[in-house]
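Chains, contacts and geometry: an overview
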Amino acid sequence: MFNDDIQGTAATVLAGLYGAMKAQGLGPEALKDQTILVCGAGSAGSGVINTIRNALMARHGLSREEAGNKFYIVDERGLISTARADLAEMEKLFEDLSSFAESDTTMEGMSLLDTVRKVKPSILIGLSGCGGLFSADVLKAMGENIKTPVILPLSNPTSRAECSAADAQKYTDGRAIFASGSPFPDVHMHGSLIASSQCNNRYIFPGLALGAALGQTGVVTDAMIQTAAEALVELLTDEDVAIRSTFPQNADIREIGCHLAARVFEQAMKEGVKHVNKEMLESYSHGGYTELKQYIYSKMWYPNYRPLVHVS
């Protein structure tokens, strides 16, 4: 079963992280070298963290333990360690939370700011629903950790965003790569425009769903979700990268959907999914990616209506 609120959000965040790597001139494989601090231990955090871990394992060669050790998780009681008394109970909302819990029990309950200072994350993700959680001190500490910190306050609505784009740039001296759940205006700083990307499911869900539904794959696998995230980054232009945008700013939404659908269908074929759309498979077998996209475009619905004439 595919749940867009969990898997769709997670795939979009994964795409945003790949976009952040590209904005630094790095390839997707650089994600395996990052340290990720996540604020929020609910179902959204579970989906995001498990999806990223799956990608680190399947796409970038890390073991389950190595991938899990890339994460630190903070909730309203501080850093989560294996000493957390109700860790097993928390797993009702957060799948496999114990495997991500910090093994150093002396860090249990450590504040967000102290955690940032101690573990020096390169990526800070907010899924807490706590507006303003990324304070000036937290953002300054992120800027001290790394040249280009990645700041993702993903909580909605705007009032619950962990920080604004303006503050993220202000307290990191304009060096942050920023993407948020709620929209924020781009920031002008030091004579340059810095993108304030929006990490929105609209980038992933239409193409992922179209590839699976039109392709009649019958399943949405982890690899198909990961492929959708990777495919989105392929559409980032040099202009996007120049302003540190983590998502394609000017790409047509139909082009995004068609491109992702084609890549998702290709992945399904690689995995040996059987009961698929035969016409779609024939297009792919005959003309590869190009003809596959033509077929997908031909099946898209367009809101073209006959003109109405007013009769008095």
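Preceding block: the structure.
To start, this report covers the structure provided alongside it. (Residues numbered from 1 in each chain as written. Predicted model: local features only at pLDDT ≥ 70, side-chain atom pairs only at ≥ 80, totals over all residues. Heavy atoms only, no water.)

Here we look at the nonpolar core
Put simply, the rule is: Side-chain atoms within 4.5 Å are what join buried Ala, Val, Leu, Ile, Met, Phe, Trp, Tyr and Cys residues into a set we call a nonpolar core. Exposure categories follow from relative accessible area, calculated using a 1.4 Å probe and restricted to protein chains: below 20% of the type maximum is buried, above 50% is exposed, and the middle band is partly exposed. The helix and strand labels rest on DSSP assignments: H or I over at least four residues marks a helix, E over at least two residues marks a strand, and numbering proceeds from the N terminus. Any two residues whose heavy atoms approach within 4.5 Å at even a single point are treated as in contact.
Counting 70 residues, the largest nonpolar core has Val13, Ile52, Ile125 and Ile296 as the members making the most contacts within it. Per-element accounting of this core gives the leading share, 10 residues, to helix H1 (residues 4-23). Aside from chain neighbours lying at most four places away, what touches Ile52 is Val13, Leu14, Leu17, Leu31, Ile36, Phe71 and Ile125. In terms of nonpolar packing, the next biggest core, distinct from the first, is built from 28 residues, Leu79, Met107, Val119 and Leu124 among them.

Brief notes about the environment of Ala168
Positionally, Ala168 belongs in helix H7 (residues 165-170). The spatial distance from the C-alpha of Ala168 to the C-alpha of Leu133 is 12 Å, given a sequence separation of 35 residues. Setting aside its immediate chain neighbours within four residues, Ala168 contacts Leu139, Ile151, Cys163, Ala176 and Phe178.

Some words on helix H2 (residues 43-58)
Along an α-helix, residues three or four apart share an orientation, since each turn contains 3.6 residues. To be explicit about the condition: By this rule, a helix spans an expected 1.5 Å times one less than how many residues it contains.
The terminal C-alpha atoms of H2, which comprises 16 residues, lie 22 Å apart, in line with the 22 Å expected from a rise of 1.5 Å per residue. Of all the positions in H2, only Gly45, Ser46, Gly47, Val48, Ile49, Asn50, Thr51, Ile52, Arg53, Ala55 and Leu56 are classed as buried.

Points about unusual backbone geometry
Between Asn156 and Pro157 the backbone carries a cis peptide bond, its omega angle lying at -10°. Counting through the fold element by element, Pro157 comes out in the loop between strand S5 (150-153) and H7. Although it is not a glycine, Asp173 sits at a positive phi angle of roughly 60°. Of note, Asp173 is situated in the loop between H7 and strand S6 (177-180).

What to know about the packing of helix H11 (residues 253-270) against helix H12 (residues 278-298)
For clarity, the threshold we go by: As a rule, the C-alpha atoms of each element are fitted with a line to give its axis, helices using only the stretch in contact, and angles between N-to-C directions run from 0 to 180 degrees. Note on terminology: angles under 35 degrees are roughly parallel, angles over 145 are roughly antiparallel, angles of 65 to 115 are roughly perpendicular, and the others are oblique. Crossing handedness is read from the near helix: turned anticlockwise from the far helix by less than a right angle, it gives a left-handed crossing, and turned clockwise, a right-handed one. Nonpolar residues are Ala, Val, Leu, Ile, Met, Phe, Trp, Tyr, Cys and Pro. Charged residues are Asp, Glu, Lys and Arg, and all others, Gly as well, are polar.
Relative to each other, H11 and H12 sit at 160°, their axes nearing to 8 Å. When the interaxial angle is binned, H11 and H12 end up roughly antiparallel. The handedness of the crossing between H11 and H12 is right-handed. For the pair H11 and H12, the contacting residues are Arg254, Glu255, Cys258, His259, Ala261, Ala262, Arg263, Phe265, Glu266 and Met269 in the first and Met280, Leu281, Tyr284, Tyr289, Leu292, Lys293, Ile296 and Tyr297 in the second. Within the contact of H11 with H12, the residues separate by chemical class into 12 nonpolar, 1 polar and 5 charged.

Some remarks on the sheet that holds strand S9 (residues 196-198)
Adjacent strands of a sheet pair through backbone hydrogen bonds, lying either parallel or antiparallel. What counts is decided by this rule: Here, strands pair whenever DSSP counts at least two bridges between them.
The strand order across the open sheet built from 7 strands is S3-S2-S1-S4-S5-S6-S9, with neighbouring strands paired in mixed fashion. Both outer strands of the open sheet, strand S3 (78-79) and S9, are each paired with one neighbouring strand and no more. The sheet contacts of helix H5 (residues 112-119) involve strand S1 (36-39), strand S2 (71-75), S3 and strand S4 (123-126), and relative to S1 the element is tilted by about 170°.

Observations concerning helix H9 (residues 222-233)
The terminal C-alpha atoms of H9 lie 18 Å apart, and with 12 residues this matches the ideal 16 Å at 1.5 Å per residue to within 8%. Extensive coverage of H9 is indicated by the burial of 10 of its 12 residues. For H9, the full list of buried residues reads Ala223, Met224, Ile225, Gln226, Thr227, Ala228, Ala229, Ala231, Leu232 and Val233.

Section: the environment of Leu97
With respect to the element layout, Leu97 can be found in the loop between helix H4 (87-90) and H5. On the basis of relative accessibility, which here comes to 1%, the residue Leu97 falls in the buried class. Each C-alpha atom, one on Leu97 and one on Asn50, is 9.3 Å from the other, the two residues being 47 residues apart in sequence. Apart from residues no more than four positions distant in its own chain, Leu97 is found in contact with Ile73, Ile80, Leu87, Met90 and Glu91.

As for the packing of H9 against H11
Here H9 crosses H11 at 140°, and the two axes come no closer than 9 Å. Of the possible angle classes, the one that applies to H9 and H11 is oblique. In this structure, H9 crosses over H11, and the sense of that crossing is right-handed. Note on element contacts: H11 touches H9 through Ile256, His259, Leu260, Arg263, Val264, Gln267 and Ala268, opposite Ala223, Met224, Thr227, Ala228, Ala231 and Leu232. Here the contact of H9 with H11 is built from residues that sort into 9 nonpolar, 3 polar and 1 charged.

Structural measurements only, silent on function.
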